[in-house]
Amino acid sequence: MNSKQMNEYYLSMLDDVDERLDSVCDKESEEEFQRKLEEKGFARRDFLKWTSFMTAALMLPPVFESRIARAAAIKQRTPIIWLHMAECTGCTESFLRTREPDIAQLIFDKISLAYHDTLMMASGERAEKSLEDAIKRYKGKYICVIEGGIPTKDGGIYLTIGSKGETGLSKAKRITKDARLTLAFGTCAAFGGVQAAYPNPTGAKGVRDALGIEIVNVSGCPPSSINMVGTILHILLFDKIPPLDEIYRPLWAYGSRIHDYCERRAHFDAGEFVEEWGDEGAKKGWCLYKMGCKGPLTYNNCPRYRFNQGTNWPIGGGHGCIGCSEPNFWDTMTPFEEPNEKAGIRIPGGNGVEATSDKIGSFLAGATAAGIGVHAIGSIIRAKAEKKTGKIDDKESK
Ligand code: FSX
Ligand code: SF4
Ligand code: F3S
């Protein structure tokens, strides 16, 4: 699905979205949201700026700006149960650094974080009880967010959690079973991440492979807050998951290559490369390809939206992309500070033009997972949930 097809796809859903918003927001909830914005010191202008930013980030046609504003005021809460497996908690850290923290926080009020392993006051048995209560109370309705890879070897004993020593594998199985939808936040949850790096002694896997369930992958080590917040906002607005690529990542976030939006691209094309850390080229902000940048092999929107409220991103900070949103990047993108010869990238001044996307796709297919395409979404949101759940059939999405 290219951007023109995405545009058409979303425009064809306008009436459905309006009908849905009419049923889940009313004048009262919109006024209440406005009141909350004012209490937090936000001018209407700030909020409109935020809605147009999110509309553009989600690659929605501009006509959706007013709908995003309404989605923020939805009265009905979507509970989230957020679990940690084997990882570093960087994904939660990144999630907390949304572009406009307070506006996003208001929206999360609406979403309702029913349970989060790290962002809660309770500990020990009280924390365990609040998780079990949330599962019972919201059975079939909650979104389960998983952060971290799942060790599967020897029955999953290499990760045990809580006073009863339950394995991460058993906990994830039990809690995703009654979820309406599962989101894997971070490359660890999506594809196994650093735990799954060779020789992977604990048999760590991404959630989909470990549990054999359909999920949405929001990869990156960590993913940007935009990609996490945007995925949740999309579900709020459409009651559907976004169109996905072949490795189950939202196309609006992972549909384009780092290299094609990189601020250093003109230097790549001009054959101007950093040859050594700290050299003249480094000072001038030249291309980092020869220092191992994997931007030509990596699909993500970091050049456009960056991290930490849009402050910066790896290449802006002077290091190449290490391919952190691709499967098995610890194995396939290393050594991080040397170009990957097998990828077949040709550099200007180095005998021809750079590799085409097709060639890169086949490199990734061989070395990691799949190239870029569109995955049929079908049954990811459980059919039993509500009437209009996330079904985009093959025909529509290709
Ligand atoms: Fe993994 Fe998230 Fe990397 Fe860390 O928890 S994606 S190690 S940034 O934080 O899972
Ligand atoms: Fe940017 Fe890396 Fe591509 Fe150079 S190789 S233009 S630094 S993404
Ligand atoms: Fe990761 Fe590369 Fe973006 S390292 S954060 S995908 S620039």
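Refer to the structure printed above.
Residues numbered from 1 in each chain as written. Chains lettered and ligands numbered in written order. Predicted model: local features only at pLDDT ≥ 70, side-chain atom pairs only at ≥ 80, totals over all residues. Heavy atoms only, no water.

J.: Please give an account of the site of ligand 1 that cites residues and values.
T.: Around ligand 1, the surrounding shell holds 13 residues, and the nearest of these are Glu87, Cys88, Cys91, Cys188 and Cys221. Measuring from an oxygen atom of ligand 1, one finds a backbone N or O atom of Thr89 at 3.2 Å. Contacts to ligand 1 include Glu147, whose side-chain N or O atom sits 2.6 Å from an oxygen atom. Of all the secondary-structure elements, those providing two or more residues to the shell around ligand 1 are helix 6 (90-96) and helix 10 (187-191). The residue makeup of the shell around ligand 1, split by class, is five nonpolar, six polar and two charged. (Near = heavy atom within 4 Å. Polar contact = N/O pair within 3.5 Å; in protein donor to acceptor, adjacent residues only side chain to side chain. Helix = DSSP H or I, 4+ residues; strand = E, 2+ residues; numbered from the N terminus. Nonpolar A, V, L, I, M, F, W, Y, C, P; charged D, E, K, R; others polar.)

J.: Please provide a residue-by-residue account of the pairing of strand 1 (residues 80-84), values included.
T.: A regular strand places its side chains on the two faces of the sheet in alternate fashion. Burial within strand 1 is extensive, with five of its five residues counted as buried. Relative to strand 2 (residues 113-116), strand 1 is paired through three bridges, and the arrangement is parallel. The partner of Ile80 across the bridge, within strand 2, is Leu113. Here strand 1 runs beside strand 3 (residues 143-147); their pairing, made up of five bridges, is parallel. (Buried < 20%, exposed > 50% of the residue type's maximum accessible area, 1.4 Å probe, protein only. Pairing = 2+ DSSP bridges.)

J.: Residue-level account of the site of ligand 2, with values.
T.: Around ligand 2 sit 13 residues, and of these His259, Cys262, Cys287, Leu288 and Cys293 come closest. If you map ligand 2 onto the pockets, it falls in the largest cavity. Only helix 14 (258-261) and helix 15 (265-269) provide two or more residues apiece to the shell around ligand 2. Residue classes in the shell around ligand 2 are distributed as nine nonpolar, two polar and two charged. (1 Å grid on protein atoms, 1.4 Å probe; cavity = no way out; pocket = protein on both sides within 12 Å on 5 of 7 lines; lining within 4 Å. Sits in = over half its atoms within 2 Å of the grid points.)

J.: Let's hear about the packing of helix 8 (residues 124-137) against helix 9 (residues 168-177): which residues, and what values?
T.: Closest axis-to-axis distance for the helix 8/helix 9 pair is 10 Å, and the angle between their directions is 30°. Of the possible angle classes, the one that applies to helix 8 and helix 9 is roughly parallel. Packed against helix 8, whose contacting residues are Leu131, Glu132 and Ile135, the element helix 9 presents Lys171, Arg174 and Ile175 at the interface. Of the residues assigned to the contact of helix 8 with helix 9, the class counts are three nonpolar, no polar and three charged. (Axes fitted to C-alpha atoms, helices over the stretch in contact; angles between N-to-C directions. Parallel < 35°, antiparallel > 145°, perpendicular 65-115°, else oblique. Contact = heavy atoms within 4.5 Å.)

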